[in-house]
Amino acid sequence: MILGCAPLSAETPVQTDPTLGIPLPQQPELRLTDVAQPAAPQAEAEATQAQTAQEPEIVTGTVSAGNRLRDPAKLDATAPLEAEEEPVTLDIPEIEMPAPDPALTPAAKTAPEPAEPPATQPQGPLRSVELLVPLPEMPKLVITVPPGLEFAGAVAEQLQDAVALQRLPERERNEIIAAYQANENKPFWIDGKGWNEAGKRIVAQLGRAGEDGLRPGDYPLPAFEASDKARLAEADIRLSALAVLYARDARGGRIDPRRLSKLITPTLYLPSATEVLSELAGARDAGAVLAAYNPPHEGYRRLKAKLAEMREHLDDTPLVRIPAGPPLKLGMRDERVPLVRARLGLGPSQEPVFDRSTSLALADFQKRAGLPANGILSERTLAALGKPASARGEEDIAAQMERWRWLPPDLGTDHIMVNVPEMRVRVVRSGKVVHEARTIIGKPESATPIFSHKMDHVVVNPSWYVPPSILKKEFLPGLAADPNYAAKRGYVVTRTKSGGISVRQPPGERNALGWIKFMFPNEHAVYLHDTPNRRLFTGERRALSHGCVRVENPFALADQVLGPEWTHERLKRLIGSGERRINLPQPLSIHLVYNTIVVGADGHVSRFDDVYGFHRLVRQALEQRG
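Residues numbered from 1 in each chain as written. Predicted model: local features only at pLDDT ≥ 70, side-chain atom pairs only at ≥ 80, totals over all residues. Heavy atoms only, no water.

Participant: How should I be thinking about the overall build of the protein in this particular structure?
Facilitator: Of regular secondary structure, the protein possesses 19 helices and 18 strands. Partitioning the contacts of the protein with sequence separation of at least 6, the portion at a separation of at least 24 is 63%. Split by element, the accessible area of the protein, about 36,600 Å² in all, is 53% carbon and sulfur. (Helix = DSSP H or I, 4+ residues; strand = E, 2+ residues; numbered from the N terminus. Contact = heavy atoms within 4.5 Å. Areas by Shrake-Rupley, 256 points an atom, 1.4 Å probe, with all protein chains shown as cover.)

The following block contains the structure:
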């Protein structure tokens, strides 16, 4: 049947498109795709007769809408084609395309991607179609992960435990946690390999803590492996906590001075964790910023230099172990006396007698050690003798540096400084001392307090109101024995609204405050003032007052604080004319300090008696905390 139909394929001539010059497809229902070549005319006739004999019903023609066949003989070539009423799907074979023009073929050929997928997949083998214009290159998409984000999970897990330093308050711990959370839990001081530049500088400054009299052991650096993200995250958090602790210690947070004595009441300027981390994270040199939390004052810097100098020169005094025993006083005999003399650098003596030379040498040692300089070999003195002089000196310097941390970072361009152990007052303007004078300070049982404040006015011809401590100890017992006790001494007694009494000494030559007092209202009710007993300034030991500071030549001090408007002569004309208040042109900072060790500009060290034992208390507190 198939062979009989083969001649039919030759009856339809091959038509060519006049525009493109390519052959048009044959009618699918009349084309046999399995015949390789057309048959000869005679063979076609024979095949047609054979096919007609077998299939007499075959009809030739064209296909129209509705699958109707039209006879080609009846078609009018000039008549217009009728529009088809509905589409007809035909099995059209692939069209063999002519070879492309080499002149229009691009050097780089790119297979295009169809804009829209075809409705139906073509039958037969797929052929590649070459484009004449290449597609543009698409830009590369680069996704960058924010630095440190890969540690966020580990940081979040380690936060609570890593900030738990023993001496770090709860508030600071919470602020550190909040700082990390605000930073999306990204680290501050590490990168993928370890400490970043800021972290390295902070680590270096913590390692130099001993230069400022602090203990490096208080800031143990965490160990980690660069490949361990959890340990890296923990190290970053711990370094933040250590930096905050260091900053607070540098500002005086190691010990609470108010716990040492109710008379030591400075205002500490301790930074918050938020402040410290904000300044360090945005600093060009985080180490320098951390170091700047130490006192910036010249007196402190000189002590720091002296501490470094002491550590360079080891003590060459041979240590002698002195056995424990009863206290040794002047004139006592004891087998330990030769050992004591050897420890103090004295020569041997013929008899083991604690003589005057031994007692004086021991008193000098006690003074330098911050102990009561009584020349008695007590238990505390014996313990101090058991330490090398260099170690003991370092402890003294560190304790004195600690007291500088109690002062405000800014003392004021113009200020007054009263060094209680030295018993001197100084007026400083623009960093230079413009006036200084001797003072009388409180007795050990009524010590002068240590604090900072603002002087705001001066009173000429002041009245003195007897403070409660003196009233309780002296006046009440005297009034109980003699109702005229106060009047005989020139005091005025008045009843208060609460039912108590007030005792006032009116202005005058005998007034305990003298002719002038310098006021800076404070919780201790102390101030600077004149005194009628000016001869007391000539003595070496001047711890004689009830707590206030008496000033030698107070009108010269008034010249410095009141300005040129109130001259020395003008103030003296007010004496005896009644109480008069004069306000300062502007409040002046005043600092009552306790400096037992002072280093001069030439490096010379001056030591002053620890009259109230405050130096010893600070040193012991630092030793116990360590």
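Picking up after the structure, the text goes on.
Participant: I'm lost on helix α10 (residues 298-312) in this one. Help?
Facilitator: For an α-helix the count is 3.6 residues per turn, leaving residues at separations of three or four pointing the same way. Compared with an ideal rise of 1.5 Å per residue, which puts 15 residues at 21 Å, α10 spans 22 Å between its outermost C-alpha atoms and is within 8% of the ideal. Among all positions in α10, only G299, Y300, L303, K306 and L307 are buried. End-on view of α10: buried residues confined to an arc of 120°, all on one side of the axis. (Expected span 1.5 Å × (residues − 1). Buried < 20%, exposed > 50% of the residue type's maximum accessible area, 1.4 Å probe, protein only. Arc of directions from axis to C-beta.)

Participant: Sorry, what's going on with the nonpolar core here?
Facilitator: Inside soluble globular proteins, nonpolar side chains tend to come together where they are buried. One finds I416, F475, F518, L528, V561, L562 and L571 to be the most contacted residues of the largest nonpolar core, which totals 45 residues. Counting 40 residues, the second-largest nonpolar core is a separate cluster that includes V163, I237, A273 and L290. (Core = buried A, V, L, I, M, F, W, Y, C linked by side-chain atoms within 4.5 Å.)

Participant: I tried to follow the packing of aromatic side chains on my own but got confused; where do I start?
Facilitator: Aromatic rings in a pair are described by how distant their centres are and how their planes are angled relative to each other. Within this structure, the stated rule accounts for 11 aromatic pairs. Here F188 and W189 contribute two aromatic rings whose centre-to-centre distance is 5.6 Å and whose plane-to-plane angle is 40°, an arrangement assigned as tilted. Through a chain of ring-to-ring contacts, the aromatic side chains of W464, F475, Y485 and Y491 assemble into a single cluster. When the ring centre of F555 is taken as reference, the NZ or CZ atom of K572 above it lies at 5.8 Å. (Phe/Tyr/Trp six-rings, centres within 6.5 Å; stacked < 30°, edge-to-face > 60°. Lys NZ or Arg CZ within 6 Å of the ring centre and 35° of its normal.)

Participant: Explain the side chain of T439 here, please?
Facilitator: Inspection of the secondary structure assignment puts T439 in strand β7 (residues 432-442). A relative accessible area of 0% means that T439 is categorised as buried. Beyond its immediate chain neighbours, meaning those up to four positions away, T439 contacts M423, R424, V425, F537, R542, V549 and R550.

Participant: Please explain the pairing of strand β8 (residues 451-460) as it appears in this structure.
Facilitator: Bridging between β8 and strand β16 (residues 580-593) involves 9 bridges; their strand directions are antiparallel. Bridged to V459 within β16 is R581. Both β8 and strand β12 (residues 516-519) contribute to a ladder of 4 bridges, which runs antiparallel. Along β12, the bridge assignment pairs V458 with F518. (Pairing = 2+ DSSP bridges.)

Participant: I would appreciate a short explanation of the environment of L592 in the present structure.
Facilitator: If you trace the backbone, L592 turns up in strand β16. Considering only alpha carbons, one finds L592 and V549, 43 residues apart in sequence, at a separation of 9.6 Å.

Participant: Hey, could you run me through the side chain of N595 in this one?
Facilitator: Assignment of secondary structure puts N595 in the loop between β16 and β17 (597-599). Overall, the relative accessible area of 9% leaves N595 in the buried class. There is a polar contact of 2.9 Å between the side chain of N595 and the side chain of Q400. Setting aside anything within four residues of it in sequence, one finds N595 in contact with Q400, W404, N419, P421 and F608. (Polar contact = N/O pair within 3.5 Å; in protein donor to acceptor, adjacent residues only side chain to side chain.)

Participant: Explanation requested: the pattern of salt bridges in the structure shown.
Facilitator: Any two side chains of opposite charge can pair, on the condition that their charged atoms come close. Under the criterion given, the structure shown has 30 salt bridges. Look at the salt bridges and you will find they share partners, linking E422, R424, R426 and E436 into a network. (Salt bridge = Lys/Arg side-chain N within 4 Å of Asp/Glu carboxyl O.)

Participant: What exactly am I supposed to notice about unusual backbone geometry here?
Facilitator: Excluding glycine, a negative phi dihedral is what most residues carry, and trans is how most peptide bonds are arranged. The backbone of N185 sits at a positive phi, close to 60°, despite the residue not being glycine. Inspection of the secondary structure puts N185 in the loop between α4 (170-182) and β3 (190-191). Looking at N185, the relative accessible area reads 17%, which means it is buried. With a phi close to 60°, N461 is a non-glycine residue in the positive phi region. Within the secondary structure, N461 is located in the loop between β8 and β9 (464-465).

Participant: Quick question: what am I supposed to make of the pairing of β16 here?
Facilitator: The two faces of a sheet get side chains in turn, since along a regular strand they alternate between them. Two strands pair when backbone bridges link them, and strand β5 (residues 414-419) and β16 are joined in this way by 5 bridges, in the parallel orientation. Counted as the bridge partner of H415 is S589 from β16.

Participant: Looking at this model, I keep getting lost on the sheet that holds strand β11 (residues 501-505). Mind explaining?
Facilitator: Each strand in a sheet pairs with its neighbour through backbone hydrogen bonds, running either in the same direction (parallel) or in the opposite one (antiparallel). What the 3 strands build is an open sheet, ordered β9-β11-β10; its pairing is antiparallel. Each edge of the sheet is formed by a strand with only one pairing partner; in this case those strands are β9 and β10 (492-495). Direction of pairing for β10 relative to β11: antiparallel, over a ladder of 4 bridges. Residue pairing for β11: R495 is matched across the bridge by I501.

Participant: What's the story with the environment of M332 in this structure? I'm lost.
Facilitator: As for its placement among the helices and strands, M332 is situated in the loop between α10 and α11 (337-343). Looking at M332, the relative accessible area reads 32%, which means it is partly exposed. Sequence separation of M332 and V353 is 21 residues, and the distance between their C-alpha atoms is 5.8 Å.

Participant: What should I look at first to understand the packing of helix α5 (residues 197-207) against helix α6 (residues 229-250) in this one?
Facilitator: Two packed helices can be described by the angle between their axes and the distance between those axes. Across the interface, α5 lies against α6 with an axial gap of 11 Å and an inter-helix angle of 45°. As the angle between them shows, α5 and α6 are arranged oblique. In terms of crossing hand, the pair formed by α5 and α6 is left-handed. Counting all contacts with α5, which are made through G199, I202, V203, Q205 and L206, the residues of α6 involved are L239, L242, A243 and Y246. Classifying every residue of the contact of α5 with α6 gives 7 nonpolar, 2 polar and no charged. (Axes fitted to C-alpha atoms, helices over the stretch in contact; angles between N-to-C directions. Parallel < 35°, antiparallel > 145°, perpendicular 65-115°, else oblique. Left-handed = near helix turned anticlockwise from the far one by under 90°. Nonpolar A, V, L, I, M, F, W, Y, C, P; charged D, E, K, R; others polar.)

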